[in-house]
Amino acid sequence: APNRPQFTPAQRKLPARPEFYDFGLMQAHQGDSELAARPLREISYVVFDCEMTGLQPLQGDEVIQIGAVRIVQDRVLTGEGMEWLINPGRPIPPASIKFHGLTDADVTDKPPISEVLPIFHDFVGDAVMVGDNAAFDMKFLTLKERSAKVRFENPVLDTMLISSMLDGEEEDHSLDALCDRYGISIAGRHTALGDTIGTAELLLKMIDRLEAKGLNTFGEVMKASNMAAELRHRGAIIAHGARTAS
């Protein structure tokens, strides 16, 4: 009996990352009418995720791991998944290690972000980039574009915002909650490649629901998810103002 699931202690879930909005990033596809008209299932995607030393990109936190996997012709190409470890040039705080399990010893002999980012950029190519709370990860990457001599101009799709658009604000839209709702089990949660593959599987399940709602093209989905982002961001500002006033 002690080994049965109901007798085992529930795994403690770590808190979700802070939500981040970059409306310029989310509207970058506008003006590409050919992409906007393409059906979702005909697009090649690169799903990605990053692990960092902390949550403050403007205060010196750095990327220490990038994971990426392709979706081509409605299939997650897990055999072509990639993962890069990166030396951040600073110690990894213990508070961050409890999330991803990466220590200074894991990255001490790894290349810096300026060497890894061009390799990741080449892997992405001209695919649509996909992430969960994608603008948060992209902020870390774009801050390093100049030193790495690359520029990410790819359209970016965010599964968190798609979820918000599909299910409304009353639901939890963290990656853990989404995987629970969609019946996705992530092997290696809080590793870059593990979260990447989970997000890729999540996107394919979401496409089924988007099509059921009559949202079949990339442009339609981006317009709807951007609207959800604006409403979600506005709601967060109002809630913050109410807390401050009280």
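Overview of the structure. (Residues numbered from 1 in each chain as written. Predicted model: local features only at pLDDT ≥ 70, side-chain atom pairs only at ≥ 80, totals over all residues. Heavy atoms only, no water.)

Some details on the overall build of the protein chain
Right, on to step 1. A count of helices and strands for the protein chain gives eleven helices and six strands.
Right, on to step 2. Taken over 246 residues, the protein chain has a buried fraction of 47%.
Right, on to step 3. Of the contacts formed within the protein chain by residues at least 6 apart in sequence, a portion of 72% connects residues at least 24 apart.
Right, on to step 4. Approximately 12700 Å² of the protein chain is accessible, and the part contributed by carbon and sulfur atoms is 52%. (Helix = DSSP H or I, 4+ residues; strand = E, 2+ residues; numbered from the N terminus. Buried < 20%, exposed > 50% of the residue type's maximum accessible area, 1.4 Å probe, protein only. Contact = heavy atoms within 4.5 Å. Areas by Shrake-Rupley, 256 points an atom, 1.4 Å probe, with all protein chains shown as cover.)

Some points on helix α9 (residues 175–182)
Right, on to step 1. Burial within α9 is extensive, with six of its eight residues counted as buried.
Right, on to step 2. All of the buried residues in α9 are L175, D176, A177, L178, C179 and Y182.
Right, on to step 3. If you follow the buried residues of α9, they end up packed against α8 (159–167) and α10 (192–212).
Right, on to step 4. G183, located one to two residues past α9, shows a positive phi value of around 70°.

Points about the environment of G67
Right, on to step 1. If you trace the backbone, G67 turns up in strand β2 (residues 63–72).
Right, on to step 2. When the C-alpha atoms of G67 and A192 are compared, they prove to be 4.5 Å apart, with 125 residues separating the residues in sequence.

Some details on the packing of α9 against α10
Right, on to step 1. As a packed pair, α9 and α10 sit with axes 10 Å apart at the nearest point and diverge in direction by 55°. As far as their axial angle goes, α10 and α9 are oblique. Crossing handedness for the pair α9 and α10: left-handed. Between α9 and α10, the residues in contact are L175, L178 and Y182 and D195, T199, L202, K205, M206 and R209, respectively.
Right, on to step 2. Across the contact of α9 with α10, the residue classes break down as five nonpolar, one polar and three charged. (Axes fitted to C-alpha atoms, helices over the stretch in contact; angles between N-to-C directions. Parallel < 35°, antiparallel > 145°, perpendicular 65-115°, else oblique. Left-handed = near helix turned anticlockwise from the far one by under 90°. Nonpolar A, V, L, I, M, F, W, Y, C, P; charged D, E, K, R; others polar.)

Observations regarding the packing of α8 against α9
Right, on to step 1. Look at α8 against α9: their axes get within 11 Å of each other, and the N-to-C directions meet at 55°. Relative to α9, the element α8 is oriented oblique. Handedness of the crossing formed by α8 with α9: left-handed. Contact residues: T159, S163, L166 and D167 in α8; L178, R181 and Y182 in α9.
Right, on to step 2. Considering only residue class, the contact of α8 with α9 consists of three nonpolar, two polar and two charged.

Here's the deal with the packing of aromatic side chains
Right, on to step 1. Scanning the model with the defined rule gives five aromatic pairs in all.
Right, on to step 2. On the basis of an interplanar angle of 50° and a centroid distance of 6.1 Å, the ring pair of F48 and F120 is categorised as tilted. Within this pair, whereas F48 is found in strand β1 (residues 45–52), its partner F120 is found in helix α5 (residues 113–124), the two being separated by 72 residues in sequence. Taken individually, F48 and F120 each receive the classification buried, so the pair is uniform in this respect.
Right, on to step 3. Here the aromatic rings of F120 and F152 are separated by 5.7 Å at their centres, their planes lie at 45°, and the arrangement is tilted. In this pair, F120 sits in helix α5 while F152 sits in the loop between α7 (145–148) and β6 (156–158), placing the two residues 32 residues apart along the sequence.
Right, on to step 4. A network of ring pairs unites the aromatic residues F48, W84, F120, F123 and F152 as a single cluster.
Right, on to step 5. Between the NZ or CZ atom of R70 and the centre of the ring of F123, over which it lies, the distance is 4.1 Å. (Phe/Tyr/Trp six-rings, centres within 6.5 Å; stacked < 30°, edge-to-face > 60°. Lys NZ or Arg CZ within 6 Å of the ring centre and 35° of its normal.)

Some words on the environment of R151
Right, on to step 1. You can see R151 is positioned in the loop between α7 and β6.
Right, on to step 2. When residues no more than four places from it in sequence are discounted, the contact partners of R151 are H121 and E145.
Right, on to step 3. Engagement of the side chain of R151 in a polar contact is seen with the side chain of E153, the distance being 3.3 Å. (Polar contact = N/O pair within 3.5 Å; in protein donor to acceptor, adjacent residues only side chain to side chain.)

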